[in-house]
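Listed here are the chains, written in short residue letters.
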Amino acid sequence: MNQPFKITHILLVFILSFLSTGFLQGQKIEVGGLTLNNSADSSKTKKMVAIPLTQIPAKLEEADDLIKTGEKKALPKKNILLIDSLLPIYKDFLIVQKKKSQEFIKANPNRQKIDNLINKWQGYSGQLNIWQQNLNDLEDKNMDVLVPFNDNEYLWAITLESAKNENAPPSIINNIERTIKEISNIKNSIVDENNRSLTLETEIIHQKTVVNSTIEELNFLKNSDVYHFLYQRHKPLWKASYTLNAASNEEKEAIESMPNNFNGIIFYISENVDNIYSYLILVSMLIIMILYFKRSFIKVKFTDEVASFQHSKQIIIDHTISAIFFISFVLFLIFFDSIPFLLRNIITMLALISAIPILQSEIYNRFEKSLYFIIGFYVLNSAKTFIWFSSTYYRIYILLEAVLIILVIYYFTRPFLITRKMKMKEFGSLLINLIPLVYLSLFVSIISNLLGYTNLSDLTLKIIVIGTVLTLIFYALLLLASGLVIGALHLAFSNRVDFNIDRKILIEKRSIQFIQLGIGIWWLSFFLAMVDLKSSFVEWINEFLMVNYNVGSLNFTLNEVFSFLVILTASFIISGAISMIVDGGALNFLKLPKGIPAAISMVFRYIIIAFGFVLSLSVLGVDLSQFNLMAGALGLGIGFGLQTIISNFVSGLILVFERPILPGDTIEVENLLGNVTDIGVRSSKIRTFDGSEVIVPNNNLISKDLINWTLSDSIRRIEIKIGAAYGSDPNIVLKILIEEALKNEFTITDPPPVALFDQFGDSSLNFRLLVWVHYEKGLISKSNISVGIYNSFKENNIEIPFPQRDIHIKDKEDKK
């Protein structure tokens, strides 16, 4: 896309955004006789009038339908009844858990057990949030339901008064009074349900306060000096007591109970049934997409591509089942909040297991089995939460874990200096280069454990084990995401007849770089959360971004500027991605007419860009109502200075929706012949058969005479004129012409070629051969058939005459 086109593109989006903003301000819209005022002044409301007496019976029937609908909506909701019954039980449960937490703190637990307990209480908070959200949704729906009943109650009240004044029949009066009473009863039922919902929500908010206070206490404990990584929590290991004592009540509370965890999982699943259905739908869509991309990779193959891209594609083709299971488990961890600790560990382990086939292709054959040891160490690290240890035996446990990790690393990497020189892929080389740092961390863990610095020992071991698991999962996610994106690009380009392979590779590179950046930031977020630095980092970022800056009368923050740029960039990226997917044939299954997908793509592209532009301005704090005057000024400017641009823009819309030409068509306009490569908002690109690209304003394509050689189909008729000498048999000539036309491999037999005897010329018998071929094969067909006719004429001794002139020269004597 050239620079002038980009400027015009942005200018048109700017104009459309502000014109739509200015147009919508202060406009009145009439819908079904009801006038809606879109201006900021909403003080004027519609004035209701009594229903005419003759229309009352019909309106009573409509009111009965409304009442029946309202009676159904006024019935007590099952989920509200469930919350009402469970909340007292949950309240007692939280009281018990609060006491257990207090006992837990007395047991001097390690930092990991505090993290686990915090996650458990966050799960309690999440459950309360779900209930509160359900109540809020019900309250909002009830308020929406009340609106027509309030209106109808008032309407029937004034209608009753009017009917009495007009001496309406008693039956009409009674029906109106019955209707008003039923409407009032439904209103009271809805209001009562809302009041009960508000009472429940108040109690839930109180319980959330209790839960949040407990979480704050645990966080305060976790951040105290006792849990600083340089604090010596225990005596050196050689001075510690090795006496086995039964676990105290406090120590038992510090252990995760397996039965309680399983009960918590069952309860969590039962409370998230609706979310599970949504999750299954999302997973099904991703499975369909993966299988669709796999078929695309197998069906259409490109050559001259980067090896890493080919590898990403092979993951989708060779490890489809593993990819489906892996993305399902990862989505579960992303989709659900406050997952029970045991369930989270199980899903993480399953995600790691399903990632093994994906990762093995990136790892040298010698190290493939190391992935199974990593899973084992993850299980070993997680098991500490469910097993009771005295402090001494807990230290021995993590000491043995660190030693085992060292032995496994030594087994797979010995001798290290030779292993380091092995040729591996980038990811494998990175892991090998990190081995010295891992050894150092493990030795720090062992030494700090021996000296009693258990916090430091726990932290380093956690970084090694959990950090490795996170890295492997995110790298597998990177490979899979790259494969899916390349699949989308593969599909888009495979449906294009003419494309630049270098441009395709460049787009793939940029897309993968973008994915790498996004997943890298995501990995960093998880890693910071793992080492308890995320909250501090986020707080520091927020403080930095929320600083106010004043430039003249303009007041802004970096957060607003950053959000503006992100939304604007995202709108362009999303619009481009949707355009590429639609243009690539994503709507082929709908069997739409040619050109309709391009029109849909263009509409969505500019709607997304315009919406993103308006939304980004709103985030920046710009009051769009202030642009009313600017919208008028722009309208005036369009009338004078931007006539040509708007004319071309409107012509572009006509070309897209009327579809007189489409990308790929061969057209001829003003002695310009070539293929349409792109139809833009201001101009279209035509690539001539000489290889030059001509930018033609859209208005020229609409206002000038235009020939589209391939609008309905791509076949055209070529004409070959040939002459035979007098004395040649016309029947043989016609036969030869038909035979040579049929010999041409590009000749279309329906309609069949036609040979005609045209006329008696001055020096020849003139013939015409009419042959139908595909447009792009016209020149080569004409050449091949002409050569064949010449050869056949020569074999049959048919002479092709040429104009001859006899010149007689006479001298003067001849004249005498």
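Refer to the structure above for everything that follows.
Residues numbered from 1 in each chain as written. Predicted model: local features only at pLDDT ≥ 70, side-chain atom pairs only at ≥ 80, totals over all residues. Heavy atoms only, no water.

Let's talk about the packing of aromatic side chains
At step 1: For the structure on display, the rule yields 23 aromatic pairs.
At step 2: Centroid distance Trp522 to Phe526: 6.1 Å. Interplanar angle 65°. Geometry classified as edge-to-face. Of this pair, Trp522 and Phe526 are both found in helix 18 (residues 501-530), 4 residues apart, which corresponds to roughly one turn of the helix.
At step 3: Using a relative accessible area of 30% as the deciding quantity, one classes Trp522 as partly exposed.
At step 4: Following the ring pairs from residue to residue traces out a cluster consisting of Tyr90, Phe93, Trp121, Tyr124 and Trp131.
At step 5: A cation sits over an aromatic face here: Arg716 above Trp709, 5.1 Å from the ring centre. (Phe/Tyr/Trp six-rings, centres within 6.5 Å; stacked < 30°, edge-to-face > 60°. Helix = DSSP H or I, 4+ residues; strand = E, 2+ residues; numbered from the N terminus. Buried < 20%, exposed > 50% of the residue type's maximum accessible area, 1.4 Å probe, protein only. Lys NZ or Arg CZ within 6 Å of the ring centre and 35° of its normal.)

What to know about the sheet that holds strand 11 (residues 754-760)
At step 1: Spatial ordering of the open sheet is given by 10-12-11, a layout of 3 strands whose pairing is antiparallel. Two strands lie at the open edges of the sheet, namely strand 10 (715-724) and strand 11, each paired on one side alone. Between one strand and the next, the sheet's axes are offset by a mean angle of 25°, whatever the strand orientation.
At step 2: In this structure, strand 11 lies alongside strand 12 (residues 765-774), joined through 6 bridges in antiparallel fashion. In the sheet register, Gln759 faces strand 12, and the bridge partner there is Asn766.
At step 3: Across the face of the sheet, helix 25 (residues 730-743) comes into contact with strand 10, strand 11 and strand 12 while running at roughly 15° to strand 12.
At step 4: Strands strand 10 and strand 12 of the sheet are contacted by helix 26 (residues 778-795), whose axis makes an angle of about 25° with strand 10. (Pairing = 2+ DSSP bridges. Axes fitted to C-alpha atoms, helices over the stretch in contact; angles between N-to-C directions. Contact = heavy atoms within 4.5 Å.)

A few points about unusual backbone geometry
At step 1: Cis geometry marks the peptide bond from Arg414 to Pro415, where omega comes out at -20°.
At step 2: Relative to the helices and strands, Pro415 resides in the loop between helix 13 (391-413) and helix 14 (416-420).
At step 3: The peptide bond linking Asp750 to Pro751 adopts the cis configuration, its omega dihedral lying at 10°.
At step 4: Of note in this structure, Asn167 is not a glycine but carries a positive phi near 55°.
At step 5: Among the secondary structure elements, Asn167 is positioned in the loop between helix 4 (111-165) and helix 5 (170-222).

Quick notes on the side chain of Ser448
At step 1: As for its placement among the helices and strands, Ser448 is situated in helix 16 (residues 435-451).
At step 2: Taking relative accessible area as the criterion, Ser448 reaches 5% and is therefore assigned buried.
At step 3: Contacts of Ser448, omitting those with residues within four sequence positions, involve Tyr453, Thr454, Leu456 and Ser457.

Description of the pattern of salt bridges
At step 1: Applying the stated rule across the entire model yields 14 salt bridges.
At step 2: The salt bridge involving Lys222 is made with Asp532; its shortest N-O contact spans 3.1 Å. In this pair, Lys222 sits in helix 5 while Asp532 sits in the loop between helix 18 and helix 19 (534-545), placing the two residues 310 residues apart along the sequence.
At step 3: Taking the relative accessible area as the measure of exposure, Lys222 reaches 9% and is therefore buried.
At step 4: For the salt bridge of Glu693 with Arg687, the shortest nitrogen-to-oxygen distance reads 4.0 Å. (Salt bridge = Lys/Arg side-chain N within 4 Å of Asp/Glu carboxyl O.)

Notes on the nonpolar core
Generally speaking, nonpolar side chains in soluble globular proteins are found buried as a group.
At step 1: With 80 residues, the main nonpolar core has Phe326, Leu359 and Leu442 as its most contacted residues.
At step 2: A total of 17 residues in this core trace back to one element, the largest contributor, which is helix 17 (residues 454-494).
At step 3: In this view, Leu359 contacts Leu371, Leu472, Tyr475 and Ala476; residues no more than four positions away in its chain are not counted. (Core = buried A, V, L, I, M, F, W, Y, C linked by side-chain atoms within 4.5 Å.)

Quick word on the pairing of strand 7 (residues 683-688)
At step 1: Alignment of strand 6 (residues 672-679) against strand 7, held across 5 bridges, turns out to be antiparallel. In the sheet register, Ile679 faces strand 7, and the bridge partner there is Ser684.
At step 2: Counting the residues in the hairpin turn of strand 6 and strand 7 gives 3 residues.
At step 3: Note: strand 7 against strand 8 (residues 693-697), 5 bridges, orientation antiparallel. Looking at strand 8, one finds that Lys685 is bridged to Ile695.
At step 4: Connecting strand 7 to the antiparallel partner strand 8 that follows it, the hairpin turn spans 4 residues, and Gly691 within it adopts a positive phi of roughly 100°.

What to know about the environment of Asp151
At step 1: Counting through the fold element by element, Asp151 comes out in helix 4.
At step 2: Asp151 gets classed as partly exposed once you look at its relative accessible area, which sits at 28%.
At step 3: Each C-alpha atom, one on Asp151 and one on Met48, is 8.8 Å from the other, the two residues being 103 residues apart in sequence.

Focus on the packing of helix 13 against helix 16
At step 1: As a packed pair, helix 13 and helix 16 sit with axes 10 Å apart at the nearest point and diverge in direction by 155°. As judged from the angle between their axes, helix 13 and helix 16 are roughly antiparallel. When the axes of helix 13 and helix 16 are compared, the crossing they make is left-handed. Contact residues: helix 13 offers Arg395, Ile398, Leu399, Ala402, Val403, Ile405, Ile406, Ile409, Tyr410 and Thr413, while helix 16 offers Ile435, Val438, Tyr439, Leu442, Phe443, Ser445, Ile446, Asn449, Leu450 and Leu451.
At step 2: Considering only residue class, the contact of helix 13 with helix 16 consists of 16 nonpolar, 3 polar and 1 charged. (Parallel < 35°, antiparallel > 145°, perpendicular 65-115°, else oblique. Left-handed = near helix turned anticlockwise from the far one by under 90°. Nonpolar A, V, L, I, M, F, W, Y, C, P; charged D, E, K, R; others polar.)

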